[in-house]
Amino acid sequence: MDIYSLSNKEIRKCMREFNKTVYGKTIFVISYSTFLISLIVLIVFAIASSCSYNHYLLIILQFPYLMVGMFLTLISFVIGSAYYYHELKEYIKTKKPLKKSA
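Per chain, residue numbering runs from 1 following the sequence as it is written. Totals for whole chains, interfaces and linings use all residues, but because this is a predicted model, local features are given only for residues with pLDDT of at least 70 and pairs of side-chain atoms are given and counted only at 80 or more. To get the side-chain values, take all heavy atoms of the structure and skip hydrogens and water.

*Asks:* For the packing of aromatic side chains, give the residues involved together with the corresponding values.
*Replies:* For Phe, Tyr and Trp, where Trp contributes only its six-membered ring, two rings pair if their centres lie within 6.5 Å, and the inter-plane angle classes them as stacked under 30 degrees, edge-to-face over 60, or tilted in between. The tally for this structure, following the rule as stated, stands at nine aromatic pairs. Ring centres of Phe18 and Tyr23 lie 6.4 Å apart, and the angle between their planes is 70°; this geometry places the pair in the edge-to-face category. A ring pair is formed by Phe18 and Tyr84, whose centres lie 5.8 Å apart and whose planes are at 55°; its orientation type is tilted. With Phe18 in helix α1 (residues 8–20) and Tyr84 in helix α3 (residues 55–94), the pair connects residues that are 66 residues apart, well separated along the chain. Pair check on accessibility: Phe18 and Tyr84 agree, each one buried. Feature note: the residues Phe18, Tyr23, Phe28, Tyr32, Phe35, Phe77, Tyr84, Tyr85 and Tyr91 constitute an aromatic cluster, connected by ring pairs. Each helix is a run of DSSP H or I of at least 4 residues and each strand a run of E of at least 2, with the numbering of both proceeding from the N terminus. When accessible area is computed with a 1.4 Å probe and restricted to protein chains, residues below 20% of their type maximum are described as buried, those above 50% as exposed, and intermediate ones as partly exposed.

As structure tokens, then:
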């Protein structure tokens, strides 16, 4: 089956089937765990930096670090998504063609 000839509905169906497999669940966790962990750390870091006594000065000093953290969180999401969809594409390649209804 070719992923490029599938409609959005067919891709979503294949994605649900892939997520039901043990390998699909594992790939999902591996792909998005780095993003979720970095997002949680970033939120905790932002809250902790704003709860200090001199919070205005501390926020200004830590702003570059927060921006770098947000950038790295975004990059981890993009890389994780690319890896997940690459594995989904490999899964779809191994499937037999869908029967077309008349």
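*Asks:* Account for α1, naming residues and giving values.
*Replies:* Each turn of an α-helix holds 3.6 residues, which means side chains three or four residues apart point in the same direction. In this model α1 runs 19 Å from its N-terminal to its C-terminal C-alpha over 13 residues, within 8% of the 18 Å that 1.5 Å per residue would give. Of all the residues in α1, the buried ones are Glu10, Cys14 and Phe18. Along the long axis of α1, the arc covered by the buried residues comes to 75°, so they all point the same way. Of the exposed residues in α1, the ones pointing more than 90 degrees away from its buried face are Asn8, Lys9, Arg16 and Lys20. One fewer than the residue count of a helix, multiplied by 1.5 Å, yields its expected span. Think of the arc as the fan of directions from the helix axis to the C-beta atoms.

*Asks:* Please set out the nonpolar core residue by residue, giving values where relevant.
*Replies:* For this analysis, a nonpolar core means a set of buried residues of the types Ala, Val, Leu, Ile, Met, Phe, Trp, Tyr and Cys, connected via side-chain atoms within 4.5 Å. In terms of nonpolar packing, the biggest core is built from ten residues, these being Met1, Ile3, Leu6, Cys14, Phe18, Ile27, Tyr32, Tyr84, Leu88 and Ile92. Where this core is concerned, the elements lending two or more residues are α1, α2 (22–50) and α3. Broken down by element, the residue count for this core peaks at three residues, all from α3. When checking whether two residues touch, look at their non-hydrogen atoms; a contact exists if any pair is within 4.5 Å. Excluding its chain neighbours within four sequence positions, the residues that come into contact with Ile27 are Phe18, Tyr83, Tyr84 and Glu87.

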